[in-house]
Amino acid sequence: MKQYPSIQREIVGKPIIAFAKNDGNNIRAEWSKKHKGFVKFGSRKVLIDETHEQLGKSINLIKTKYEKDLTDIFKKERYEEVVCFFEFFGPNSFAGMHDPNDTLDVLLFDLDVYKYGLLPPREFIKLTGKIDTPSVLYEGRPTQEFIKSVYDSTLENMPLEGVVCKGLPIKNGYPPLMFKLKSKIWLDKVKEKYKDNWEELI
């Protein structure tokens, strides 16, 4: 099953759509036309099932919240296989760790279609318009004013962590453009809590 590509931090001055970035775990689920639903689940790097101590709960949430609607969409589009990427998070999740007292949720944020690859952001929005996905918080070139609004946490409706900016591929055959912008509050919190390895978490 495909893994989600690394997202760069270098800002590229191309037109982008900025999506709200909730702080949680990247969960992937492989959908198959043959099986009419999800057949595999994984964290960012390894496969998981319902018995996984921290991430197992995400599987039932994904099936309950998304499987029927995504199956309807994918059948209509005549897709054979799709790897769906979700954020698994709660109100107090931070740097991939969860509060055991939280009610956790999953949110679909990207789709990788067999023989096509990751959908560009506008295609993703069009395809998933009726289901729950991250909010669009900004569209256009990443101006200094926009970048500062993320860093200062003044961008309207932005989660604590920040945003993921996505655009068209820079070159034919490349995946969609993607880079992350983080808030100062979130960065400072990571540096304070994880002094020795904070750079690995951003």
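Just above, that's the structure.
Residues numbered from 1 in each chain as written. Predicted model: local features only at pLDDT ≥ 70, side-chain atom pairs only at ≥ 80, totals over all residues. Heavy atoms only, no water.

### Brief notes about the sheet that holds strand β6 (residues 117-118)
And then number 1: Spatially, β3-β2-β4-β5-β6 is the arrangement adopted by the 5 strands of the open sheet, whose pairing is antiparallel. Each of the sheet's edge strands pairs with one partner strand only, and the pair in question is β3 (37-42) and β6.
And then number 2: Both strand β2 (residues 25-32) and strand β4 (residues 81-89) contribute to a ladder of 8 bridges, which runs antiparallel. Within β4, the position partnered with arginine 28 by the bridge is phenylalanine 85.
And then number 3: Across the face of the sheet, helix α1 (residues 57-77) comes into contact with β2, β3, β4 and β5 (105-113) while running at roughly 45° to β5. (Pairing = 2+ DSSP bridges. Helix = DSSP H or I, 4+ residues; strand = E, 2+ residues; numbered from the N terminus. Contact = heavy atoms within 4.5 Å. Axes fitted to C-alpha atoms, helices over the stretch in contact; angles between N-to-C directions.)

### Quick look at the pattern of salt bridges
It is possible for side chains bearing opposite charge to pair when their charged atoms get close.
And then number 1: Scanning the model with the defined rule gives 13 salt bridges in all.
And then number 2: The residue glutamate 50 makes a salt bridge to lysine 63 at a minimum N-O spacing of 3.7 Å. Pair noted here: glutamate 50 is in the loop between β3 and α1 and lysine 63 is in helix α1, with a separation of 13 residues, a long-range link.
And then number 3: The closest approach of N and O atoms between lysine 68 and aspartate 72, which form a salt bridge, is 3.2 Å. Remark: aspartate 72 and lysine 68 occur in helix α1; sequence separation between them is 4 residues, near one turn of the helix.
And then number 4: Owing to a relative accessible area of 61%, lysine 68 belongs among the exposed residues under this scheme.
And then number 5: Residue aspartate 72 is classed as partly exposed on the basis of its relative accessible area, which comes to 41%.
And then number 6: In the salt-bridge network here, residues are joined through shared partners; they are Lys21, Glu87, Glu161 and Lys182. (Salt bridge = Lys/Arg side-chain N within 4 Å of Asp/Glu carboxyl O. Buried < 20%, exposed > 50% of the residue type's maximum accessible area, 1.4 Å probe, protein only.)

### Here's the deal with the side chain of aspartate 110
And then number 1: Examined against the element boundaries, aspartate 110 turns out to sit in strand β5.
And then number 2: Taking relative accessible area as the criterion, aspartate 110 reaches 3% and is therefore assigned buried.
And then number 3: Of note is the side chain of aspartate 110, whose polar atom sits 2.8 Å from the side chain of lysine 166. (Polar contact = N/O pair within 3.5 Å; in protein donor to acceptor, adjacent residues only side chain to side chain.)

### A word on the sheet that holds strand β7 (residues 136-140)
Strand pairing within a sheet occurs via backbone hydrogen bonds; the two strands may be parallel or antiparallel.
And then number 1: Overall, antiparallel pairing links the 4 strands, which are arranged β7-β1-β8-β9 in an open sheet. Pairing within the sheet leaves two strands with one partner each, and these edge strands are β7 and β9 (177-182). Strand-to-strand twist in this sheet, taken as the mean axis angle between neighbours without regard to direction, amounts to 20°.
And then number 2: Here strand β1 (residues 16-21) runs beside β7; their pairing, made up of 4 bridges, is antiparallel. The residue bridging isoleucine 17 from the neighbouring strand is glutamate 139, located in β7.
And then number 3: Running at roughly 50° to β9, helix α3 (residues 144-151) makes contact with β1, β7, β8 (162-167) and β9 of the sheet.

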